[in-house]
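# Summary of the model geometry
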Amino acid sequence: MDRIQQGLLKIPWMYGSFREFQRDFLNETDFSRESIWEKGNNGVVIVDKPELLAVLLPPNCQEFHQ
């Protein structure tokens, strides 16, 4: 994160957004902050068969890139 932060010093508007992200990164308890992270129930699903995409992707998903 330090390397990214140093690179973003040259882009002030992005730097501010990144600092906000850093403050809330992995926040799981403080609902007064901008972002809250919730753990997923199912973990990571490996999609190794194209026919599974129709079953695993939500209907509002337009594209899939892996």
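Preceding this paragraph is the structure being described.
These lines cover the structure that appears in this document, whether it is placed above or below. (Residues numbered from 1 in each chain as written. Predicted model: local features only at pLDDT ≥ 70, side-chain atom pairs only at ≥ 80, totals over all residues. Heavy atoms only, no water.)

As a further point, take the overall build of the protein chain. When its secondary structure is counted, the protein chain shows three helices and zero strands. Taken from N to C terminus, the helices and strands of the protein chain fall in the order α-α-α. Taking all 66 residues of the protein chain together, 11% fall into the buried category. Counting only contacts in the protein chain whose residues sit at least 6 apart along the sequence, the fraction spanning at least 24 positions is 3%. Carbon and sulfur atoms form 55% of the exposed surface of the protein chain, whose accessible area is close to 6200 Å². (Helix = DSSP H or I, 4+ residues; strand = E, 2+ residues; numbered from the N terminus. Buried < 20%, exposed > 50% of the residue type's maximum accessible area, 1.4 Å probe, protein only. Contact = heavy atoms within 4.5 Å. Areas by Shrake-Rupley, 256 points an atom, 1.4 Å probe, with all protein chains shown as cover.)

Moving on to the pattern of salt bridges. Scanning the model with the defined rule gives one salt bridge in all. The partner of Asp24 in a salt bridge is Arg33, with the nearest N and O atoms 2.8 Å apart. (Salt bridge = Lys/Arg side-chain N within 4 Å of Asp/Glu carboxyl O.)

Since the α-helix turns once every 3.6 residues, residues separated by three or four places project in the same direction. In a regular helix each residue adds 1.5 Å, so 13 residues correspond to 18 Å; helix H2 (residues 12-24) covers 19 Å between its end C-alpha atoms and thus fits that length. Buried residues of H2: Phe18, Gln22 and Asp24, and no others. Once H2 finishes, Leu26 follows within two positions and takes phi at roughly 65 degrees, a positive value. (Expected span 1.5 Å × (residues − 1).)

What follows is about unusual backbone geometry. Here the phi dihedral of Leu26 falls at roughly 65 degrees; this positive angle occurs in a residue that is not glycine. Checked against the element boundaries, Leu26 lands in the loop between H2 and helix H3 (53-56). For Leu26, a relative accessible area of 51% gives the class exposed.

So, about the packing of aromatic side chains. As enumerated under the stated definition, the model contains two aromatic pairs in all. On the basis of an interplanar angle of 35 degrees and a centroid distance of 6.1 Å, the ring pair of Phe18 and Phe21 is categorised as tilted. Placement of the pair is Phe18 and Phe21 together in helix H2, with a separation of three residues, close to one helical turn. By relative accessible area, Phe21 is classed as partly exposed at 35%. Each residue in the set Phe18, Phe21 and Phe25 is aromatic and connected to the rest through ring pairs, giving one cluster. (Phe/Tyr/Trp six-rings, centres within 6.5 Å; stacked < 30°, edge-to-face > 60°.)

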